[in-house]
Amino acid sequence: MENRKGGRLVDRPEFKTKPQPITFLAKDKVNQAIEIMSEKNYGSVVIVDSKDKVIGIVTGRDIVKKLVKNNMSPKTTKLEEIMTSNPRVANENDNVIDWLRIMSNDRFRRLPVVDENGKIKVIFTQGDFVSYTWPDLIFHASQLAKASFMKGFSINTMLIMMLIYGVAMIAAIKAFV
């Protein structure tokens, strides 16, 4: 695989600009997580052990499907009862494209990213990777434009292709919601 600039997760501009993930212990109550998620407009919280290692994640979907659907009380239910245990976790030096493929194939949207000590640094979502794919799209579209059988290929066609790609990416992301 080519090693292009921005290829590692830590090299992505989003890595430095995304807010610090909110962490909780497994024994904490769900209502505490809901309050913070609502206040900060976060889609998830990370569950860590006593050494701050990631052991789970709780998303809005977990709250709906496991807590609300089962009529559990957020005041008495512990996060460990509804969390997704042992989520896939990336290292900050891992390759962006590798994780984009894994997330797409395994159908999950949130990727906790840790440093070399296993401490949570950021949560990437599939939407964070969209900007990484645009240069590839533009490159391939320009190659199509140069192809001899496409002599009539116009800039308008390329823009329409980019628009269709954008709509398709948004639809794909919404499909996981």
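> I'm lost on the overall build of the protein in this one. Help?
For the protein, the helix and strand inventory stands at seven helices and seven strands. The N-to-C order of helical and strand elements in the protein reads α-β-α-β-β-α-α-β-β-α-β-β-α-α. A total of 177 residues make up the protein; the buried ones form 37% of that total. For the protein, long-range pairs separated by at least 24 residues make up 58% of all intrachain contacts whose partners lie at least 6 apart in sequence. Accessible surface, the protein: about 10600 Å² in total, of which carbon and sulfur atoms supply 56%.

> In this structure, what is going on with the packing of aromatic side chains? I would like to understand it.
Two aromatic rings, taken as a pair, are described by how far apart their centres are and by the angle between their planes. Taken as a whole, this structure holds one aromatic pair when the rule is applied. Ring geometry for Phe 15 versus Phe 124: centroids 6.4 Å apart, planes at 35 degrees, classification tilted. One end of the pair, Phe 15, is in helix α1 (residues 13-17); the other, Phe 124, is in strand β7 (residues 120-125), with 109 residues separating them in the sequence. The same class applies to Phe 15 and to Phe 124, which are both buried.

> Looking at this structure, how should I read the layout of surface pockets?
One simple way to see leftover space: roll a probe sized like a water molecule over the atoms. Taken as a whole, the largest pocket encloses approximately 380 Å³ of empty space. Forming the walls of the largest pocket are 16 residues, and the residues nearest its centre are Thr 59, Thr 84, Arg 107, Phe 108 and Arg 109. Listed by contribution, the elements that provide at least two residues to the lining of the largest pocket are β3 (54-59), α3 (60-68) and β6 (110-114). A per-element tally of the lining of the largest pocket places α3 first, with four residues. Grouping the amino acids of the lining of the largest pocket by side-chain chemistry returns six nonpolar, two polar and eight charged. Estimated volume of the second largest pocket: approximately 280 Å³. Taken together, 15 residues line the second largest pocket, and the ones lying closest to its centre are Lys 18, Gly 43, Arg 110, Ile 123 and Thr 125. Partitioning the lining of the second largest pocket into residue classes produces five nonpolar, seven polar and three charged.

> Just checking my understanding: could you explain the pairing of β3 for this structure?
Successive side chains on a regular strand alternate, one facing one side of the sheet and the next facing the other. Within β3, five of the six residues are buried, which leaves the element mostly enclosed by the surrounding structure. Pairing of strand β2 (residues 44-48) with β3, which is carried by five bridges, proceeds in the antiparallel orientation. Residue pairing across strands places Val 45 opposite Val 58, the latter belonging to β3. Counting the residues that bridge the hairpin from β2 to β3 gives five residues, and of these Asp 52 lies at a positive phi of roughly 65 degrees. The pairing of β3 with strand β4 (residues 84-85) spans two bridges and is antiparallel. Across the sheet, residue Ile 57 finds its bridge partner in β4, namely Thr 84.

What counts as what
Numbers given to residues run from 1 along each chain, matching the order in which its sequence is written. For a predicted model such as this one, the threshold for reporting local features is a pLDDT of at least 70, and the threshold for listing and counting side-chain atom pairs is 80 or more; totals across whole chains, interfaces and linings nevertheless cover every residue. Side-chain measures were taken over the full set of non-hydrogen atoms in the model, leaving aside hydrogen atoms and water. Working definition: helices are DSSP H or I runs of at least four residues, strands are E runs of at least two. Numbering for both runs from the N terminus. Only protein chains enter the accessibility calculation, which uses a 1.4 Å probe; a residue whose area is less than 20% of its type maximum is buried, one above 50% is exposed, and one in between is partly exposed. Whether two residues are in contact is decided by their heavy atoms, any of which lying within 4.5 Å being enough. All accessible-area figures derive from a Shrake-Rupley calculation using a 1.4 Å probe, and residue coverage is judged against the displayed protein chains alone. Ring pairs shown here join Phe, Tyr and Trp side chains whose ring centres sit within 6.5 Å, with only the six-membered ring taken for Trp; geometry is labelled stacked below 30 degrees between planes, edge-to-face above 60, and tilted in between. Definitions used throughout: a 1 Å grid over protein atoms alone; a cavity as a set of points that fits a 1.4 Å probe which cannot get out; a pocket as an open set with protein on both sides within 12 Å along at least five of seven lines; a lining residue as one with an atom within 4 Å of a point. Grid points are joined across faces, edges and corners, and a volume is the space filled by probe spheres set on the points. Under the convention adopted here, Pro, Cys and the residues Ala, Val, Leu, Ile, Met, Phe, Trp and Tyr are nonpolar, Asp, Glu, Lys and Arg are charged, and Gly plus all remaining residues are polar. Pairing between strands is defined by DSSP: at least two bridges between the two strands are required.

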